[in-house]
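Chain by chain, the residues:
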Amino acid sequence: MELDLAVKLAIYRRFAATGARPSARDVATGVGATEAEVRESFARLRERRVLVLEPDGESIRMAPPFSGVPTPHRVTSGGVAYYANCAWDALGIPAALHQPSVVHSRCEQSLAPLELAVSDRGPEPSEWLFHCVVPAARWWDDIVFT
């Protein structure tokens, strides 16, 4: 399972550095493995809920809190733009990066844009509420919907 840890770290390092998902080829090159070995590792990481893959089995849709596809929830930090899977994950990106960030999201009721500065001490004061329609215990029933 050492390969799985190396693959996971390569994925997260790529997201942190560029804001973009790496391909299986990128990861294979970075960890000194074959693409087939990396795809097998992706499958094991998916089973452990570390990754969510696209139907092709190798394109990374989610490596929480990072999204491999555009979403309404963006974070800018250190000159890099990131997509988050949801509003909750948008707060997870600054925590993962350990650096000041700005969350750009929207109110799902009014669709009004929201912007929130997050420092090493957490988000700035706000009266916003975060509401989950799906209970956390059920998120993985359909994590893309959630």
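Residues numbered from 1 in each chain as written. Predicted model: local features only at pLDDT ≥ 70, side-chain atom pairs only at ≥ 80, totals over all residues. Heavy atoms only, no water.

## What to know about the overall build of the chain
- Scanning the chain from N- to C-terminus turns up four helices and eight strands.
- Order of helices (α) and strands (β) in the chain, N terminus to C terminus: α-α-α-β-β-β-β-β-α-β-β-β.
- Taking 2.2 N^0.38 as the reference for a compact globule, 146 residues should give roughly 15 Å; the C-alpha atoms of the chain span a radius of gyration of 16 Å, in line with that estimate.
- Along the three orthogonal principal directions, the C-alpha set of the chain runs to about 50 × 35 × 20 Å.
- Of the contacts made within the chain by residues no fewer than 6 positions apart, 41% connect residues no fewer than 24 positions apart.
- Surface accessibility of the chain: about 8,900 Å² in total, with carbon and sulfur atoms responsible for 54%.
- The chain carries 15 positive and 18 negative side-chain charges, and their two centres are separated by 2 Å. (Helix = DSSP H or I, 4+ residues; strand = E, 2+ residues; numbered from the N terminus. Rg over C-alpha atoms; globule rule 2.2 N^0.38 Å. Contact = heavy atoms within 4.5 Å. Areas by Shrake-Rupley, 256 points an atom, 1.4 Å probe, with all protein chains shown as cover. Lys, Arg positive; Asp, Glu negative; His and termini not counted. Charge placed at Lys NZ, Arg CZ, Asp CG, Glu CD.)

## A closer look at the sheet that holds strand S6 (residues 101-106)
- Across the sheet, which stays open at both edges, the five strands sit in the order S5-S4-S6-S7-S8 with antiparallel pairing between neighbours. The open sheet is flanked by strand S5 (80-83) and strand S8 (122-123), the only strands paired with a single partner.
- Bridge count between S6 and strand S7 (residues 113-119): six bridges; the pairing is antiparallel. Paired with Ser 105 across the bridge in S7 is Leu 114.
- Strands strand S4 (74-77), S5, S6 and S7 of the sheet are contacted by helix H4 (residues 87-97), whose axis makes an angle of about 25 degrees with S4. (Pairing = 2+ DSSP bridges. Axes fitted to C-alpha atoms, helices over the stretch in contact; angles between N-to-C directions.)

## Concerning the sheet that holds strand S3 (residues 66-67)
- The three strands are arranged S1-S2-S3 in an open sheet whose pairing can be described as antiparallel. The sheet is open, and its two borders are formed by strand S1 (52-53) and S3, each paired with just one other strand.
- Here S1 runs beside strand S2 (residues 60-63); their pairing, made up of two bridges, is antiparallel. Note that in S2 the partner of Leu 53 across the bridge is Ile 60.
- Sheet strands in contact with helix H1 (residues 2-18) are S2 and S3, and its direction is about 90 degrees off that of S2.

## Overview of the pattern of salt bridges
- A full pass over the atoms with the stated rule returns ten salt bridges.
- Notably, a salt bridge pairs Arg 21 with Glu 54, separated by 3.7 Å at the nearest N-O pair. With Arg 21 in the loop between H1 and helix H2 (24-31) and Glu 54 in the loop between S1 and S2, the pair connects residues that are 33 residues apart, well separated along the chain.
- A network of salt bridges, in which partner residues are shared, links Arg 25, Glu 35, Arg 39 and Glu 58. (Salt bridge = Lys/Arg side-chain N within 4 Å of Asp/Glu carboxyl O.)

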